Amino acid sequence: MLTSRDIAKMLDHSTLQPFLTEKDIRHGCEVAIKYGTATVCARPQDMEIVVPMLNGTGVLPCTVIGFPHGAHTMEIKAMEAARALEDGCRELDMVINIGRMLGGDYDYVEREIKTLAELCHDQEAILKVIIETCYLSDEQKVKACQLSESAGADFVKTSTGYGTAGAKIADVALMRRTVSDRVRVKASGGIRNLDTVLSCRAVGAARCGVSATEAIMEEAIRREQEGTLVMPENLTEMNGGY
C-alpha cells in the first residue's frame, strides 16, 4: 500500500527562488526534515546553511549547477560542481547547454554531462541532468536522455521551473521509456499538488521537485489516514501534460 512516506521520499524540496532569505532557507530545511523528504534543493550559496541543518536527518543536501539557463562554460560548471561537492552536497542538478543541444552539438552536451558525472561519482554523489523539455522537440528530448545516460547521469529531469513551461506527464512518460532502469526520472516545474505527484509517479517518475511540500504532504497524510492514498487510474492529461 502506498504511504505518505513513499511520497515524501519522492520529493526534492525546492528553495531556489532568487528572493529567498536566510530565514526562508532555514524554514525550508525545517519543512523537509519534518516530512522526511529526499533532499533540500537549494542555491549553491545556501549550502553553508543547508548542509549542517540536514546533517544526520536522512534528508540530503542538493544544489543546482549552471542554473537556470545552462549557458555557463563547461569549465565554470565543473568548478561550480566541485565547490558544491566540497561544501557537502550529495546531489547535483545540472542544466545542459540548451543552445548547444538545439544546435545539434551533441558531442559537447555529452562531454559536459560526463565531466560532471565523473566529479559526482568520485565523491559518491548523484547527478541529475535537466534537459529543459519546454525548448525541445520530442526527438530532441529522446536524444538528450540518451546522451545523459551515455555520459553516466543518474537522473534525467524535465525542467528548471524557469523556462516557458514545466513538467508534463507526457514528457515524463517519454523520458522513462527512453532511459534504462539504471537512470531515474525527475519531474519538476509547476508541480503544486499531490495528484500531480501521483500522476508523475504513475508514469515512472522517481522524484519530483516541489516547493509546495507542506500542502502535498498534508494531503498525502490525510489520504493515507482515510485509506484513499492510491495511484490514479486514468491519466487524462497524458497527451497534453499540465
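Attention in this report is confined to the structure presented alongside it. (Residues numbered from 1 in each chain as written. Predicted model: local features only at pLDDT ≥ 70, side-chain atom pairs only at ≥ 80, totals over all residues. Heavy atoms only, no water.)

### Observations regarding unusual backbone geometry
The omega angle of the peptide bond from Phe67 to Pro68 is 0 degrees, so this bond is cis rather than trans. Examined against the element boundaries, Pro68 turns out to sit in the loop between β3 (60-65) and α4 (74-86). Located in the positive-phi region is Glu124, a residue other than glycine, with phi close to 55 degrees. Among the secondary structure elements, Glu124 is positioned in the loop between α6 (106-122) and β5 (126-130). A residue is classified by how much of its surface remains accessible, and Glu124, at 73% relative accessible area, is exposed. (Helix = DSSP H or I, 4+ residues; strand = E, 2+ residues; numbered from the N terminus. Buried < 20%, exposed > 50% of the residue type's maximum accessible area, 1.4 Å probe, protein only.)

### Here's the deal with the pattern of salt bridges
Overall, the coordinates contain 20 salt bridges when judged by the stated rule. Asp105 serves as the salt-bridge partner of Arg100, at 2.8 Å between the closest nitrogen and oxygen. Owing to a relative accessible area of 34%, Arg100 belongs among the partly exposed residues under this scheme. Judged by its relative accessible area of 28%, Asp105 falls in the partly exposed class. If you follow the salt bridges from partner to partner, you end up with Asp12, Glu91, Asp93, Lys128, Lys157, Lys186 and Arg207 in one network. (Salt bridge = Lys/Arg side-chain N within 4 Å of Asp/Glu carboxyl O.)

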